[in-house]
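The lines below spell out each chain.
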Amino acid sequence: MASWEENVRKAVPYTPGEQPKIANIIKLNTNENPYPPSPAVLKALRGTDVEYLRRYPDPKSFDLTEAFARLNGISPDRVFAGVGSDDVLAMSFLTFFNSDRPVLFPDITYSFYDVWADLFRIPYRTVPLDENFRIVKEDYYGENGGIVIANPNAPTGIAMKQSDLRDIIDRNRDVVVIVDEAYIDFGGESLLGLTAEYENLLVVQTLSKSRALAGMRIGFAAGSEKLIRYLNDVKYSFNSYTMNDSAIRAGAAALDDREYFEYTRGRIIATRERSKKEMEKLGFIVTDSRSNFLFVRHKEAAARDIFHALRQAGIIVRYFDKPRIDNYLRITVGTDEQMDTLFAFLASWLKKEKA
Ligand code: PMP
């Protein structure tokens, strides 16, 4: 190692799901929405004129935070916007987890949490989920430097009861509790309403999944005015202009189109419930997912083999080579047609494997 390299901040990066450049694949690996964003988004983008590119965007992203605030019936002073919820979460880790005590999160959860903790040198301890992949609330009662819980959790899709999450927050009034609600619109109970009650609760959401805007990179945090002020202080110490003008317009338009949102999320939920049954018929064990993905294990076939066979057939799903979940697959809920192609392929492949 060259001597200058000793001074480099070393990081083990998060591995995102691949975005293959192959035509005609069925892409069920990154929990994207199978439907396009609201038509209102395209309309808003068409209105962009070059004057907006010449100027810096609004550092407060007011139109965007205001649209989110309006939708949720809270004051814009209680909303923070970032470049996807990844940016919001990273900023939140940097801002709120500044103690010598370990931050707690489940052993099986969004695999970016430990990456940020390592990058920012935040001490942390992972708390095992129980044998049914459920979060045990009592495990979060001890002393800690903060808590992060994804609800519904990823990659299991399992949601926690609001009363259990409230209990965790009640017993941790001296630290910041972050609840990552990336998948909340597909079936969980949001804690956004509780942010008025708990000054230390930060709820993080995204437009990437239920609003079909993963490519725009828009995420939010909602919390007390105090939390949002602290978060903004760190953001403005880092980069004032995180949200570009197109993202501000597109995001506000997507949030305002409630009808389209209800329609597409309803379709995804219906396809998910049908897919659970189809997968069970094919011999899979399926978790009670409240998200836009399924988390499955086959009773006989190995997840890794199924993953490779699907890939060969042009169907891409997510496989995590990690302890406890290395025999599972995470499959994004696509259109009914995409899912039918998946079931047909699995039926014939499993039959051949058995023969
Ligand atoms: N939280 C969870 C649990 C996720 O699965 C994802 C998607 N990878 C994110 C946050 C980040 O999503 P985005 O940055 O697109 O908002």
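Just so it is clear, the structure is predicted and the values come from calculations on it, not from any experiment.

Regarding the pattern of salt bridges
Stage number 1. Following the criterion strictly, the structure yields 24 salt bridges and no others.
Stage number 2. For the salt bridge of Glu51 with Arg55, the shortest nitrogen-to-oxygen distance reads 3.8 Å.
Stage number 3. Residues Lys226 and Glu199 are paired through a salt bridge, measuring 3.9 Å at the closest nitrogen-oxygen approach. Here Lys226 is found in helix α7 (residues 225-236), whereas its partner Glu199 is found in the loop between β6 (177-180) and β7 (201-206), with 27 residues between them in sequence.
Stage number 4. With a relative accessible area of 40%, Lys226 lands in the partly exposed category.
Stage number 5. Beyond isolated ion pairs, a larger network of salt bridges with shared partners links Arg272, Glu273, Lys276, Asp288 and Arg290.

Re the site of the ligand
Stage number 1. Of all residues adjacent to the ligand, which total 13 residues, the nearest are Ser85, Asp180, Tyr183, Thr206 and Ser208.
Stage number 2. The separation between a nitrogen atom of the ligand and a polar side-chain atom of Tyr110 is 3.2 Å.
Stage number 3. Note that a nitrogen atom of the ligand is positioned 2.6 Å from one of the side-chain N or O atoms of Asp180.
Stage number 4. Contact with the protein chains hides 92% of the accessible area of the ligand, taken as 410 Å² for the molecule alone.
Stage number 5. The element best represented in the shell around the ligand is helix α4 (residues 84-96), accounting for 4 residues.
Stage number 6. Looking at the shell around the ligand residue by residue, the class counts come to 5 nonpolar, 4 polar and 4 charged.

Rules used in this analysis
Residues numbered from 1 in each chain as written. Predicted model: local features only at pLDDT ≥ 70, side-chain atom pairs only at ≥ 80, totals over all residues. Heavy atoms only, no water. Salt bridge = Lys/Arg side-chain N within 4 Å of Asp/Glu carboxyl O. Helix = DSSP H or I, 4+ residues; strand = E, 2+ residues; numbered from the N terminus. Buried < 20%, exposed > 50% of the residue type's maximum accessible area, 1.4 Å probe, protein only. Near = heavy atom within 4 Å. Polar contact = N/O pair within 3.5 Å; in protein donor to acceptor, adjacent residues only side chain to side chain. Areas by Shrake-Rupley, 256 points an atom, 1.4 Å probe, with all protein chains shown as cover. Nonpolar A, V, L, I, M, F, W, Y, C, P; charged D, E, K, R; others polar.

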